[in-house]
Amino acid sequence: MSETEAFAGGALQIAARVRSGELSARAVTEAALEEIAASEPLLHCFNTITAELALAGADAVDAKVLAGEDPGPLAGVPIALKDNLCTKGVPTTCSSRILQGWRPPYDATVVARLSAAGAVSVGKTNLDEFAMGSSTETSATGPTRNPWDPSRVPGGSSGGSAAAVAAGLVPLALGSDTGGSIRQPAALCGVVGLKPTYGLVSRYGLVAFASSLDQIGPFALTLADAAMTLQVIAGHDERDSTSLTHPVADFATELKRGVEGLRVGVVADFLSEASGSCAAAVRQAADALADAGALVREVAIPELLHGLSAYYLIAPAEASSNLARYDGVRYGLRVDGDDVQAMNARTRSAGFGDEVKRRIMLGTYVLSAGYYDAYYAQAQRVRTVILQSFARAYEDCDVLLAPTTPSVAFPIGAKTADPLEMYLSDLFTIPTNLAGHPALSVPFALGEDGLPVGVQVLAPALGEGQMLRAGAALEAVAAPGARGPVRPQLGGPMAGVAK
Amino acid sequence: MNEPLSKDAVAHIARLARLELGEEELSRFAGQLSAVLEHVEAIQKLDTADVLPTSHPFELVNVLRDDERAACLPREAVLAAAPATEGGRFRVPRILGEAP
């Protein structure tokens, strides 16, 4: 069976056909594995492909269907996992030399939940090293390429997951979002990317970057697929002490509720900072929501523009502490030295790449005596200011509308020499993480050079329902050809070239 | 505006962070980190005198459970990932200085 036939209709359709016995999970998995192998030399979405495990998992799903047991809501759906999610016995590298070859002794909670729901993991996707980056170029295994134009970045840090879904290699993938690492690559690759409320999804087994900001979420071609994936992975987990205990909404129901009467605020402060096509897409999206019955107005929240500076103090501070664990003692790389301190330093210097070193040093500096108050404590106070300014905006709005990114996908190498320029890619996504709120990027338009443009829907804590309602209305009127799958080829934009 | 970071300052931070950096890295990181610090310094001008810091998006509460035995990861599975082990423990180089 061709991969196109097997994947028709997306994840929910695959699951329905596998559950009815019309399609075997094995056939779907084989199609995905074939497509992944063929794409790898050009795109490099994957660090590890787990073909044998995937086929065994698919066979187990097929056996359940034959036996008349419930194979789960994602039965037989191939899924790719960002390589910072722990997978028992399967290498988990964070695209870093320091974890090369490490095989975790346990599964992340999200991995176990997806497997219990019948999803079939096909491999581990490439990322910026330890999720630090906005282009997947800081990966120790080399960059992932954007399937719309392989000379460009897919965004990051979850670039492998976004590109794999955009190229139609898998209908679903998981990423993690600390400052935009799901939404930004989703926008640059023309797919849906969803960052849930902090604590809605367990972080157990997610390799920590900045613990007060990190959150796991799905990539998909459609909102319905993303919503179902979130339904499967959301919910309390006693192994994550920051996991929320609130009941989880029924996201499929929310998706169908429409936007009649929904109060939408367009974040005016972001529009002037975005490129022509990224700002224009937000204005079109606002008009479309108004046409569908939403109450749309512009809101001024200038405080959000300070989020970037606060983030690049808070996230490196947390990272410098979290990454202290890579010391050559318990797992990963060790480079020997005469004493334990020399061994630590030699291991870390050989194991970490430049961007990780920069962030560890930035974090170490802003936490050090004499600088703590001026940098770190001030950033934490600005975090409060951002939370308060969001709270004021949400007194009159149910959701906010904003660009996801300042521009379309940029060429590989364009920003690697200037870290600050790279950091500015996250300007519109970061405030959400500082506040712990959910946000979504919906593929909405085609911009400069025929590349995809995402529109971002932001909502207050646990506002996934209203966020999905607005997202569904945007998906319904998005430009044809603005989302994947695209057939990647060398030598130019693949805009609108659907399979 | 604060002073740009010197190479010596970067070397000191690197020591605190247990990183060994070469001359080329020290110069490059000094420039790049100074540029980032210059950008983020904008928030130092914001008046936050009456604002309390936020360390976490939601109020954190202690998570307690009954003090009952539960399964943990098998020792051999954990040690299997270590670079060096001895007698069921992690093996590391010398920690203390030579005996006098």
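The structure reproduced in this document is the subject of the present report.

Conventions and cut-offs
Residues numbered from 1 in each chain as written. Chains lettered and ligands numbered in written order. Predicted model: local features only at pLDDT ≥ 70, side-chain atom pairs only at ≥ 80, totals over all residues. Heavy atoms only, no water. Helix = DSSP H or I, 4+ residues; strand = E, 2+ residues; numbered from the N terminus. Rg over C-alpha atoms; globule rule 2.2 N^0.38 Å. Buried < 20%, exposed > 50% of the residue type's maximum accessible area, 1.4 Å probe, protein only. Expected span 1.5 Å × (residues − 1). Core = buried A, V, L, I, M, F, W, Y, C linked by side-chain atoms within 4.5 Å. Domains from an automatic or database assignment. Contact = heavy atoms within 4.5 Å. Phe/Tyr/Trp six-rings, centres within 6.5 Å; stacked < 30°, edge-to-face > 60°. Axes fitted to C-alpha atoms, helices over the stretch in contact; angles between N-to-C directions. Parallel < 35°, antiparallel > 145°, perpendicular 65-115°, else oblique. Pairing = 2+ DSSP bridges.

On to the overall build of chain B, then. Looking only at helices and strands, one finds three helices and two strands in chain B. Secondary structure elements of chain B, listed N to C terminal, follow the sequence α-α-α-β-β. A globule of 100 residues ought to have a C-alpha radius of gyration of about 13 Å, yet chain B, at 23 Å, is considerably larger. Within the span of chain B, comprising 100 residues, buried residues form 30% of the whole.

This brings us to helix H11 (residues 276-291) of chain A. All names here are of chain A. Taking 1.5 Å per residue as the helical rise, H11 with its 16 residues ought to reach 22 Å, and the 23 Å between its terminal C-alpha atoms agrees with that figure. Within H11 the residues assigned to the buried category are Ser277, Cys278, Ala279, Ala281, Val282, Ala285, Ala286, Ala288 and Leu289. Phi turns positive, to about 105°, at Gly293, one or two residues after H11.

Turning our attention to the nonpolar core. Residues and elements named next belong to chain A. Among the nonpolar cores identified, the biggest contains 176 residues, and Phe130, Leu400 and Leu401 are the most heavily contacted of them. Each of two domains, domain 1 (3-302 + 388-477) and domain 2 (304-384), supplies a minimum of three residues to this core. Leu401 has contacts with Val264, Gly265, Val266, Val267, Val282, Ala285, Ala286, Leu289, Val455, Gln456, Val457 and Leu474, leaving out every residue within four places of it along the chain. Ranked by size, the runner-up nonpolar core spans five residues in total, among them Val153, Ala409, Phe410 and Met422.

Applying the stated criterion across every chain yields a total of 14 aromatic pairs over all chains. Consider the rings of Tyr198 of chain A and Phe58 of chain B, whose centres lie 6.5 Å apart with planes at 50°: the pair is tilted. In this pair, Tyr198 of chain A sits in the loop between strand S5 (192-195) and strand S6 (216-220) while Phe58 of chain B sits in the loop between helix H2 (23-40) and helix H3 (75-79), so the two residues belong to two different chains. What makes Tyr198 of chain A buried here is its relative accessible area of 1%. Ring geometry for Tyr312 of chain A and Tyr423 of chain A: centres 3.9 Å apart, planes at 5°, overall stacked.

Here the focus is the packing of helix H1 (residues 7-16) of chain B against H2 of chain B. The geometry of a pair of packed helices is captured by two quantities: the angle between their axes and the separation between those axes. Residue and element names in this part refer to chain B. With their axes 9 Å apart at the nearest point, H1 and H2 run at an angle of 105° to one another. The orientation of H1 relative to H2 falls into the category roughly perpendicular. Residues Lys7, Val10 and Ala11 of H1 touch H2, and the partners they reach there are Glu23, Leu26, Ser27, Phe29 and Ala30.

Attention shifts here to the pairing of strand S4 (residues 172-176) of chain A. Residues and elements named next belong to chain A. Judged by how many residues are buried, S4 sits mostly within the fold: five of five residues are covered. Of the two faces of S4, the one lined by Leu172, Leu174 and Ser176 and the one lined by Ala173 and Gly175 are each fully buried. Relative to S4, strand S2 (residues 78-82) is paired through three bridges, and the arrangement is parallel. For Leu81, the partnering residue across the bridge sits in S4 and is Leu174.

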